[in-house]
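Close look at the chain arrangement
Residues per chain, in single letters:
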Amino acid sequence: MKNILRLAMLLLLSYTIMIGQDTLTIQESAVGFCSVDGKIYPKDGSTNITGWTGTGFADPNSGTGVSISWQVFIPVEGVYTFIWRYAFSGTITNIRDAKLLVDGNLAKDTVKFPYTGSTWSMWALSPSVDIYLPAGSRQIRLEALFTGGLGNFDYFMVIGNSPLAIECSNPSYVVKVKSENPNWGTVTCDPLQNYYEKGTQVTIRAEANSGYFFESWTGEETSNNATHTFIVKNNVNAVARFLPEGTVMDSDIIGYATVQDDKGTTYLVTGGALGSTSEASTLSDLQSLLGDTLPRVVKFTGDLSGNVKINIKSNKTLIGVGTAHLRGIALSINQARNIIVRNITISKVRDTLNTNDAFEINGGSKNIVIDHCELFSDRDHGKDYYDGLLDIKNGSTFITVAWTSLHDHYKACLISSGDDQYIDTVARITFHHNYFFNIESRLPLIRFGKAHIFNNYYKNCSDAINTRMGACVRVEKNYFENVGKAVFSDYSPILGNVYLIDNHFGSSSFITSPISEFTPPYSFTPDPKENVPSIVMDNIKLTSVNQPNYRPTEFKLEQNFPNPFNPATTINYQLSVVSNVTLKIYDLLGREVVTLVNGIKEVGYYNLTFDASRIASGIYFAHFTATPTNGQKPFKQVRKLLLTK
């Protein structure tokens, strides 16, 4: 009988709200706004995001359990409607749904926040949520269900019978402590509460069972100390990681993949070593073995073709044995951790899959190692036929890319996908002992985060390291050969930072400021820069058609890039035999403007920069002539250039 009366009351109140409702709107940093695990923009920093109302917007961090909360006063019990104005951009698969709590109690297990568009300046109203609220002061709280965290929030609306925004009084933060594997060790938390005030001191303890050892705390409070004391400043998910005694990490693994914060808290990367070992030779083998939740070492032998994506879940090692070639088949790591990919070749992945890249790391993934792999396509179809070779985005961090060849491609490696992706401030990436060959750009292009780039060999590339939007790159003992721009900061409203240490730049251009010095939080011993080419080429994976002595098989003048341009553009050409080369720029009337090349050139790939700062905007033509010294017929080609000022 009570349930029938309660239902009748709810229906009556819902009808009353529908015919006469009041709307309360709570902006960030206003009365009623309590907390966010993140920042308030623009108060906490500059932003390129537009379209918000009021004084700014709330930008929660990434991670499961991050929260945002409000305090309201409900004068009359009844059904109230919640609506949020929010933005969710980046990658559509990086889900931003949340659970809804009222006064710490679960009110709705899933509140949907659909993708709003291609930029974070595209705002939308959430689907409405109807919740029964008792009269009195109520704390409303959203907690992220996935590692992508929450979207950005412009404001929160409560629709009902005269709701009011009030000062926040209830404790706002949650501390969750658990063991990654309860059979391997136990944890405690002191004091143990449902909610904590900001500033509360908490001590967490981990105790390993017999046969195991404590490795680290992972989550928001990282530490290698089994007993760890901290002050509550936000929500904390502290997970104790225990490992079997005798577990060690491959000594060849170094770099950011081996830590989990800027303090140097270590993370022992095991991949799938704690699970079983399986052999794979088919696409279905790879998809099933790499896509389950068990730790696994997967040994792949084969030469497979397709147009699909293979998802790799946490605690996996994928290692190629003998021929291990994926043609047109992409690898994707999303919301995963502790993965090693080794000795795999990926080639010619078309921009037709849900992932546009040959290899993507997405969704807050962490502690990933890629080594002795090969990623390539071709440059025969223009720069947009393929997308990236290796893209790292949406809060993914603590990644090492080593002893890997990336070649014959236009847009190689992107870290953060846009100037408004502030979530990628957390990115920490190491590139060492890689070979970058015959690539147009993005080696890497990095926004916001930090990259340690050392002992890499760059050859016959147009643009290499592009640091943007406040990113910091430590460029150390690399070797650049026939590279246009080695280090630069272009195409974003905010410059990136550099810290250059003893590189061989040759004829390449490079910037020296703004400077941001930093020391990586891990041990490493770089090789002398002059030894880098031989060391790298002796230890990387290359298909036979792309060996280091790979020679062009034809003459070609590439389309300049960018085009249109202002004031400079890069022009690439290649020679299959020794030739007398002329490269001249003409205007629409056929008048010679400048001679860029005039002389004998050896077989190989060439790039140069055409600086048009002293000539007027308009249409120009690059005339290329290569006359072989062996008596072959001359090769001629013309490209149209558009200069806009």
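Residues numbered from 1 in each chain as written. Predicted model: local features only at pLDDT ≥ 70, side-chain atom pairs only at ≥ 80, totals over all residues. Heavy atoms only, no water.

Concerning the overall build of the protein
Put simply, the test is: Under the scheme used here, helices are H or I runs from DSSP no shorter than 4 residues and strands are E runs no shorter than 2 residues, and both carry numbers assigned from the N terminus. Each radius of gyration reported is based on C-alpha atoms, and the globular scaling rule is 2.2 Å times the count of residues to the power 0.38. Under the scheme applied here, a residue whose accessible area is under 20% of the maximum for its type counts as buried, over 50% as exposed, and between as partly exposed, the area being computed with a 1.4 Å probe on protein chains only. A residue counts as positive if it is Lys or Arg and as negative if it is Asp or Glu; His and the chain ends are not included. Here the site of a charge means NZ on Lys, CZ on Arg, CG on Asp, or CD on Glu.
When helices and strands are tallied, the protein shows 3 helices and 49 strands. Rg of the C-alpha trace for the protein: 28 Å, near the compact-globule value of 26 Å for 645 residues, within the 12% margin. Referenced to the eigenvectors of the C-alpha coordinate spread, the extents of the protein come out at roughly 100 × 65 × 45 Å. A buried classification covers 55% of the 645 residues belonging to the protein. Distance between charge centroids for the protein: 4 Å, based on 55 positive and 59 negative side chains.

Looking at the confidence of the model for the protein
Where the model shows low pLDDT, its predicted coordinates should not be examined in detail. We apply this condition: Values of pLDDT, the confidence the predictor places in each residue, fall between 0 and 100. Contacts: residue pairs with any heavy atoms within 4.5 Å of one another.
Per-chain confidence: the protein averages 91 in pLDDT, with 94% of residues scoring 70 or above. A low-confidence stretch, residues 1-20 (pLDDT under 50), is modelled with 13 contacts involving residues beyond four sequence positions or located in other chains. A low-confidence stretch, residues 544-549 stays under pLDDT 50, and its non-local contacts, those more than four residues away or across chains, total 8 contacts.

Here we look at the pattern of salt bridges
Where we set the bar: A side-chain nitrogen of Lys or Arg and a carboxyl oxygen of Asp or Glu constitute a salt bridge if their distance falls within 4 Å.
Counted under the stated rule, the structure contains 29 salt bridges. For arginine 342, the salt bridge identified is with aspartate 250, shortest N-O distance 3.3 Å. Pair noted here: arginine 342 is in strand E25 (residues 337-342) and aspartate 250 is in the loop between strand E19 (236-244) and strand E20 (276-280), with a separation of 92 residues, a long-range link. Note on arginine 342: relative accessible area 19%, which makes it buried. The partly exposed category is assigned to aspartate 250, whose relative accessible area is 30%. Notably, a salt bridge pairs aspartate 502 with lysine 477, separated by 2.7 Å at the nearest N-O pair. A residue pair is termed long-range when its members are at least 10 positions apart, and aspartate 502 in the loop between strand E41 (497-501) and strand E42 (509-510) and lysine 477 in the loop between strand E39 (472-476) and strand E40 (479-488) qualify at 25 residues. The buried category is assigned to lysine 477, whose relative accessible area is 19%.

Quick notes on the nonpolar core
Definition in use: Buried residues of nine kinds, namely Ala, Val, Leu, Ile, Met, Phe, Trp, Tyr and Cys, make up a nonpolar core once their side-chain atoms join them within 4.5 Å.
Grouped together as the largest cluster of nonpolar side chains are 60 residues, with contacts concentrated most on Leu286 and Leu318. Residues in contact with leucine 318, not counting those within four places in the same chain, are Leu286, Leu290, Val298, Phe300, Ile312, Leu331, Ile340, Val341, Arg342 and Ile344. By size, the runner-up hydrophobic cluster in this structure holds 31 residues, among which are Ala58, Val66, Ile68 and Val72.

Some words on the pairing of strand E5 (residues 67-74)
Test applied: In this description, strands pair whenever DSSP reports at least two bridges between them.
For E5, a buried count of 7 out of 8 residues is recorded, marking the element as mostly surrounded by other parts of the structure. The sheet contact formed by strand E2 (residues 33-36) and E5 spans 3 bridges and is antiparallel. Bridge pairing in E5 places valine 36 opposite isoleucine 68. When E5 meets strand E11 (residues 136-144), the two strands line up antiparallel, connected through 8 bridges. Looking across to E11, one finds that isoleucine 74 is bridged to glycine 136.

Comments concerning the sheet that holds strand E48 (residues 618-628)
One key point about sheets: their strands pair by backbone hydrogen bonds, in either a parallel or an antiparallel sense. For the record, the criterion: Note on geometry: axes are C-alpha line fits, over the in-contact stretch for helices, and angles between N-to-C directions span 0 to 180 degrees.
If you trace the 4 strands from one edge of the open sheet to the other, you get E46-E45-E48-E49, paired in antiparallel fashion. Whereas interior strands pair on both sides, the edge strands pair on one side only; in this sheet they are strand E46 (592-601) and strand E49 (635-643). Direction aside, neighbouring strands of the sheet carry axes that sit 15 degrees apart on average. Relative to E49, E48 runs antiparallel, the two being bridged by 9 bridges. Looking at E49, one finds that phenylalanine 624 is bridged to glutamine 637.

Description of the packing of aromatic side chains
Under the convention used in this document: We call Phe, Tyr and Trp rings a pair once their centres come within 6.5 Å, taking the six-membered ring for Trp, and we label the pair stacked below 30 degrees between planes, edge-to-face above 60, and tilted otherwise. Think of it as a cone above the ring: NZ of Lys or CZ of Arg counts as a charge over the ring if it is within 6 Å of the ring centre and within 35 degrees of the ring normal.
Under the criterion given, the structure shown has 36 aromatic pairs. Summarising the aromatic geometry, the rings of phenylalanine 57 and tryptophan 123 are spaced 5.6 Å apart at their centres and angled 65 degrees between planes, so their arrangement reads as edge-to-face. Of this pair, phenylalanine 57 sits in strand E4 (residues 57-60) while tryptophan 123 sits in the loop between strand E8 (105-111) and strand E9 (124-125), and the two are 66 residues apart along the sequence. Residues phenylalanine 57 and tryptophan 123 agree in their burial class; the two are buried. Judged by centre distance (5.2 Å) and plane angle (20 degrees), the ring pair of phenylalanine 480 and phenylalanine 505 falls under stacked. With phenylalanine 480 in strand E40 and phenylalanine 505 in the loop between E41 and E42, this pair connects stretches of sequence that are 25 residues apart. What makes phenylalanine 480 buried here is its relative accessible area of 1%. One aromatic cluster in this structure is built from Phe33, Trp70, Phe82, Trp84, Tyr86, Phe113, Phe153 and Phe156. Sitting over the ring of tyrosine 267, arginine 241 keeps its end group 4.0 Å from the ring centre.

Overview of a nonpolar patch on the surface
The cut-off we apply is this: Distance thresholds for patches are 9 Å for like charges and 5 Å for nonpolar side chains (Val, Leu, Ile, Met, Phe, Trp, Tyr), applied to residues having over 30% relative accessible area and no salt bridge. For accessible areas, the Shrake-Rupley method is used with a probe of radius 1.4 Å. Any residue's cover is judged against the shown protein chains and nothing else.
Taken together, the side chains of Leu588, Ile619 and Leu642 define a hydrophobic patch exposed on the protein surface, amounting to about 250 Å² of accessible area. Residue classification places leucine 588 among the exposed residues on the basis of a relative accessible area of 59%.

Re the state of the cysteines
Which entries qualify depends on this criterion: Here, the term disulfide refers to a pair of cysteine sulfur atoms separated by no more than 2.5 Å.
As enumerated under the stated definition, the model contains 1 disulfide in all. In this model cysteine 34 forms its disulfide with cysteine 168; the gap between the sulfur atoms is 2.0 Å. Because the torsion about its S-S bond is -95 degrees, the bridge between cysteine 34 and cysteine 168 counts as left-handed. Of this pair, cysteine 34 sits in strand E2 while cysteine 168 sits in the loop between strand E13 (164-165) and strand E14 (175-179), placing them 134 residues apart in sequence. Exposure remark for cysteine 168: the relative accessible area of 32% places this residue in the partly exposed category.

Here's the deal with the sheet that holds strand E47 (residues 604-611)
Read from one edge of the open sheet, 3 strands run E43-E44-E47, paired in antiparallel fashion. Of all strands in the sheet, those bounded by a partner on one side alone are strand E43 (556-557) and E47. One ladder, built from 2 bridges, connects E43 with strand E44 (residues 568-575); its direction is antiparallel. What sits directly across from leucine 557, in E44, is tyrosine 573.

So, the side chain of asparagine 434
As for its placement among the helices and strands, asparagine 434 is situated in the loop between strand E34 (428-432) and strand E35 (435-441). The class for asparagine 434 is buried, based on a relative accessible area of 0%. Other than its neighbours up to four places away in sequence, asparagine 434 contacts Val401, Ala402, Trp403, Thr404, Asn455, Asn456, Tyr457 and Val536.

A word on the environment of leucine 495
If you trace the backbone, leucine 495 turns up in the loop between E40 and E41. On a C-alpha basis, the gap between leucine 495 and asparagine 183 in space is 49 Å, while along the polypeptide they are 312 residues apart. Sequence-distant contacts of leucine 495, defined by excluding residues within four places in its chain, comprise Thr467, Arg468, Met469, Gly470, Ser489 and Pro514.

Some points on the side chain of aspartate 587
Under the convention used in this document: What qualifies as a polar contact is a pair of N or O atoms within 3.5 Å, subject to a donor-acceptor requirement within protein and to the restriction that residues adjacent in sequence count only when both atoms come from side chains.
Here aspartate 587 shows up in strand E45 (residues 579-587). Within polar-contact distance, the side chain of aspartate 587 engages the backbone nitrogen of leucine 589 at 3.0 Å. In contact with aspartate 587, other than residues within four places in its own chain, are Val593, Ile619, Tyr620 and Phe621.

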